[in-house]
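# Fold and contact review
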Amino acid sequence: MISFLPKTKFGRLSAIFIVFFFLCFLILNIFVLAGQRGGKGFFSNLYLAIPGILAAFFGITSFIFGFFSIFWKKEQGILVLISTLIGLLIIVFILGEIFSPH
């Protein structure tokens, strides 16, 4: 039966990790709005690098746990489906930045 909230442990972890992703992304944007700017390298400004890396980590982890939950544990929670889709989009974005930087 389809529900909004996850029923499995991995589904709940996927939903929690996507919340952490959005929190890290919010912190990153607050630093940018406060005037922090990047430098020549990725780690030139740790105020931007650390929340960015944590956001990427939580997004990828959310996808992995969501994918595992959906296809192995047969999770049908809408929140898990959404968090897995967002995690997939994050992975596509990161791969795009790696293979086609600007």
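This text gives an overview of the structure that appears in the document. Being a predicted model, the structure only gives us computed values, none of them experimental.

### Here's the deal with the overall build of the protein
The secondary structure content of the protein amounts to three helices and zero strands. In the protein, the order of α-helices and β-strands from amino to carboxyl end is α-α-α. Dimensions of the protein, computed from C-alpha atoms along their principal axes, come out at roughly 50 × 30 × 15 Å. Counting across all 102 residues of the protein, residues that qualify as buried make up 30%. Accessible surface computed for the protein: about 7,000 Å², of which carbon and sulfur atoms make up 78%.

### Focus on the nonpolar core
One finds F17, I18, F21, C24, A55, F58 and I90 forming the largest nonpolar core, which totals seven residues. Looking at this core, the elements with two or more residues in it are α1 (9-33) and α2 (46-71). Broken down by element, the residue count for this core peaks at four residues, all from α1. Residues contacting I90, with those up to four places away along its chain left out, are I18, F21 and G59.

### Here's the deal with the side chain of T61
By secondary structure assignment, the location of T61 is in helix α2. The class of T61 is buried, set by a relative accessible area of 11%. Engagement of the side chain of T61 in a polar contact is seen with the backbone oxygen of F57, the distance being 2.6 Å.

Cut-offs used in this document
- All residue numbers refer to position in the chain's written sequence, counted from 1.
- The model is predicted, so local features are restricted to residues of pLDDT at least 70 and side-chain atom pairs to those at 80 or more, both for listing and for counting; the totals for chains, interfaces and linings are taken over all residues.
- Here the side-chain values reflect all heavy atoms present in the structure, with hydrogen atoms and water set aside.
- The numbering of helices and of strands both runs from the N terminus, where a helix is a DSSP run of H or I of at least 4 residues and a strand a run of E of at least 2.
- Each residue gets one of three labels from its accessible area relative to the maximum for its type: buried under 20%, exposed over 50%, partly exposed in between, using a 1.4 Å probe on protein chains only.
- With residues, only the protein chains shown are counted as cover, and all accessible areas are computed by Shrake-Rupley using a 1.4 Å probe.
- Note on terminology: a nonpolar core comprises buried Ala, Val, Leu, Ile, Met, Phe, Trp, Tyr and Cys residues joined through side-chain atoms within 4.5 Å.
- Contacts: residue pairs with any heavy atoms within 4.5 Å of one another.
- Pairing of N or O atoms within 3.5 Å defines a polar contact, subject to two protein rules: one partner must be a possible hydrogen donor and the other a possible acceptor, and residues neighboring in sequence count only if both atoms are side-chain atoms.

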